[in-house]
Amino acid sequence: MIPEIGQFALTIALLLALTQATLPLIGASRGHRTWIALAVPTGQAQFVFVAIAFGCLAYSFITNDFSVLNVATNSNSQLPLHYRLAATWGSHEGSLLLWALMLALWTAAVSLFSRHLPEEMVARVLSVMGIISVGFLLFMLLTSNPFTRLFPVPIDGRDLNPLLQDPGMVVHPPMLYMGYVGFSVAFAFAIAALIGGRLDATWARWSRPWTTVAWMFLTCGIALGSFWAYYELGWGGWWFWDPVENASFMPWLIGTALIHSLAVTEKRGGFKSWTVLLAISAFSLSLLGTFLVRSGVLTSVHTFAADPKRGVFILAFLVLVIGGSLVLYAWRAKQVGLGGKFEVVSRESFLLSNNVLLAVAAGSVLLGTLYPLIVDALGMGKLSVGPPYFNLVFVPLMAPAIFLMGIGPLARWKKASLPDLVTRLRWAFVISVLSALALPFVFGQWQALVSLGLMLAIWIVTSAVVNLRERVRVTSGQLTTFQKLRMQSRSYYGMQLAHLGVAVFVVGVTMVTGYQLEQDVRMQPGDTVNAGGYEFKFNGTTNVVGPNYQAARAEIIVSRNGTEIERMHPEKRNYTARGDVMTETAIDSGLFRDLYVSLGEPVSGGAWSVRVYYKPFVGWIWGGALLMALGGGVALTDRRYALAARKEREARAVVKTPEVPAAVAASVQMEP
Amino acid sequence: MLRYLVPLGLFLVLVVFLAIGLGRDPHVIPSALINKAAPTFRLPQLKDPAKTFSAEDMRGKVWILNVWASWCVACRDEHPWLFEYARSGAVPIYGLNYKDQREDALAWLGELGDPYVLSAVDLDGRVAIDYGVYGAPESYVIDQNGTIRLKHVGPLTPDIWSQKVLPLVQDLNRQGVTK
């Protein structure tokens, strides 16, 4: 019964989405107030019904209803409760439902938090989101119904893919999808603005917080995914340039560019058509990512569900949504205008350079991801593009981008002076270069790339310090330095924090790439191996029985200079229902290094092949990503968003209720 | 203005490639060994290690070499179908037990049944390297002259069996008769 309710709720949600996608949009262009007014209630009701459908699927998983095909193939009665819940989105159908739920959630959020915006604008935004929702709900109902029943009912399920049986998998997909789908808001705002012909600073200010929130979720989602790959896959890597990872990374790169571009549009009215294009691209890449993952055109270690028939549907949908919006862009963009002029040396041009570098980086990731497909389509054979390509392309693109990060915040808008910038930043530069040249010797071995990476990281920090000092100096008033520091805006601190996150991230990547040590050895019980000054002693394995698996559990005693510091227990698990064998790594994390042990294969007579890694600063990679996301969060709390929202609300209240005397209205507006 | 059409143009090019890509199976990997002589080998048999099996023994017959292992999950999916193919009598199926422990392999066949005429034991995977094995399961159709005529990576699903393998095998057998 419950699954049927879920399916029924999905159908109702589709009908609501259809209404939401059409009537308010037409109403906004023809001036039908009642049609415009439909946008908010249909959007919110759609959310309620998608949530009901999602709840029904989750319920089927939690209660082990194996008469539902999706539950039977992705769950098992022995599976612990939190993984049964996570299994709801562990399958193709379930992850689509999660996608739809996230989209409905964003729709509801826009309808709640945009009360201060003009009604036609909100109506158009919600309609565009409705169009996307129609596509996904239809896709689900036509090709990937999560509620399909199975007869005869199996006694037990086939279990969730063991790779996904991990706490990280419980939170990673919702985070990632929140980010992915969140760009639909910026997209919808851009399309609504193109339709309405109103692209100005206000438009940028409206879409900026939404973009930032989506970007924060995406940042956290990607970081979690990378962390999951690090400890779950047992290879010790944190990024594989896998098509699915790339699919989430491309929107992130474009989203990062969009955040910066929106700043220029909001503050200087510039980059308008470029910003619109970025907003369209960020979400288009999210859709493309979904297509790549769900259609099976590319093989990947992540592709848990692939079906070319579904691909045709998504491709048609892509053509409609992306193609449609690019046609609209081509048609309307020239009316948008170019915005304020700026000199070659100015904050605008630094931001533009950064934007271009980020866009080119995203483009090259796209090319690398699709290259095998293109070559195959041209009949030139099969090949795969691996990390060497991406590393080769990425470092030369990101190094100048990161260098510009140090200069941009110090440059003036419109026109800056290069000699002036050089004077202000010379000490920061000298300190970064000298310490970057010297530091690698501290770690034992000088490497050019390590020096480069450290220089960029230190450069971000030193230039930020220069920037902060200057800011404090120009803040007037008889105040202590601390008070002056407190007077700087939240969005300024948010930016600096996010940039600091990049520095921390760069340190992590640089150090782990330059100095990680790896030992892949065959160990008898009692054998020892050394890595990074640590001694690892293998004490043999014991058999352990888990809820839905059996495991060989090794004990490895780690000691340094003869004193024991840690006992690590990596496992090799055999999941009973599917017969899958999984490696469960043991990691001893520290601020400056991780020790990482994973079991390979049993060799003979109690001996195992064991992989031992010493990974310096690896935690900084994810720490940096978290700082970036945190920076976004701090910037969101900036007072000006709240102030502007209040102003607009009051301005609209004034328009709606003309009986308020004009003088009062004016004083209310001027209050802040 | 033309430059505003550039993104649309790029996107349409991308769509063309994606559309072509949809019609192709990324799992199909061309083998350099198609229409070449099957690499020779002589390996001990799984059920009777005293006896050996060689590709040479199969001269004059069309046969299928199926690479499997007890640790291979997809092999478990493929297994019931292999029974049906073997029962149809269209072509004998020989197993190549790939990088497996003897006890595990025997236990696996004991549990699920044995569709193979016999299985050869490729303990260290040397023969699999010669055959360019990409992963288990994998199947090769080898003709009367010892030439590889088809390689399939992944489970031999009923679709692939009826559309690719069976027509080829019947064709080869007919040619053999007329020769």
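Here the structure is a predicted model, which is why all the values come from computation and not from measurement.

A. Representation of unusual backbone geometry in the model. Residue and element names in this part refer to chain A. Cis rather than trans, the peptide bond between phenylalanine 151 and proline 152 has omega equal to 0°. For proline 152, the location among the structural elements is in the loop between α7 (119-143) and α8 (167-196). Of note, the phi angle at asparagine 561 is positive, near 50°, even though the residue is not glycine. Positionally, asparagine 561 belongs in the loop between β4 (549-560) and β5 (563-568).

B. Here's a closer look at the sheet that holds strand β6 (residues 138-142) of chain B. All names here are of chain B. Spatially, five strands are ordered β5-β4-β3-β6-β7 in an open sheet, and the strand pairing comes out mixed. Both outer strands of the open sheet, β5 (119-122) and β7 (148-153), are each paired with one neighbouring strand and no more. Averaged over neighbouring strand pairs, the angle between their axes works out to 20° when direction is ignored. For β6 and β7, the ladder comprises five bridges, and the chain directions are antiparallel. Across the sheet, residue tyrosine 140 finds its bridge partner in β7, namely lysine 151.

C. Geometry of the nonpolar core. By size, the foremost hydrophobic cluster in this structure holds 182 residues, and its most contacted members are Ala100 and Ala186 of chain A. Considering each element in turn, this core owes the most residues, 18 residues, to α8 of chain A. Ignoring sequence-local partners within four residues, the contact set of alanine 186 of chain A consists of Ser207, Trp210, Thr211, Ala214, Leu258, Ala279, Ala282 and Phe283 of chain A. With 40 residues, the next largest nonpolar core counts Tyr85, Ala128, Tyr131 and Val133 of chain B among its residues.

D. Broad picture of the pairing of strand β6 (residues 571-575) of chain A. Residues and elements named next belong to chain A. Most of β6 sits inside the fold, with four of its five residues counted as buried. Sheet analysis places β4 next to β6, joined by five bridges and oriented antiparallel. Within β6, the residue paired with arginine 553 across the bridge is glutamate 571. The sheet contact formed by β6 and strand β7 (residues 580-584) spans five bridges and is antiparallel. Paired with arginine 573 across the strands is methionine 582, a residue of β7.

E. Broad picture of the confidence of the model for chain B. Residues at a pLDDT of 70 or more form 92% of chain B, whose mean pLDDT is 84. For this predicted complex, the interface score ipTM comes out at 0.83, alongside a pTM of 0.81.

F. Here's a closer look at the environment of glycine 55 of chain A. Note that glycine 55 of chain A resides in helix α3 (residues 39-62). For the pair glycine 55 of chain A and phenylalanine 390 of chain A, spaced 335 residues apart in the sequence, the C-alpha separation amounts to 40 Å.

G. Focus on the sheet that holds strand β10 (residues 608-616) of chain A. Residues and elements named next belong to chain A. If you trace the four strands from one edge of the open sheet to the other, you get β1-β10-β9-β8, paired in antiparallel fashion. Two strands bound the open sheet, and with one partner strand each, they are β1 (517-523) and β8 (586-589). Each neighbouring strand pair of the sheet contributes to a mean axis angle of 15°, computed without reference to strand direction. Two elements, β8 and strand β9 (residues 593-602), share four bridges in a ladder whose sense is antiparallel. If you follow serine 589 over to β9, its bridge partner there is aspartate 594.

Conventions adopted
- In this convention, every chain numbers its residues from 1, walking through the sequence in written order.
- Whichever chain is written first is A, and whichever ligand is written first is 1; the rest continue in order.
- The model is predicted, so local features are restricted to residues of pLDDT at least 70 and side-chain atom pairs to those at 80 or more, both for listing and for counting; the totals for chains, interfaces and linings are taken over all residues.
- Only runs of H or I of at least four residues qualify as helices and only runs of E of at least two qualify as strands under DSSP, and these elements are numbered from the N terminus.
- Strand pairing requires that DSSP identify at least two bridges connecting the strands.
- Note on geometry: axes are C-alpha line fits, over the in-contact stretch for helices, and angles between N-to-C directions span 0 to 180 degrees.
- For our purposes the nonpolar core covers buried Ala, Val, Leu, Ile, Met, Phe, Trp, Tyr and Cys residues that link as a set through C-beta atoms within 7 Å.
- Using C-beta atoms placed from the backbone, we call a residue buried if 20 or more other C-beta atoms fall within 10 Å of its own, exposed if 12 or fewer do, and partly exposed for counts in between.
- What counts as a contact here is a pair of residues whose C-beta atoms, placed from the backbone, lie within 7 Å.
- A score from 0 to 100, pLDDT tells how confident the predictor is in each residue.

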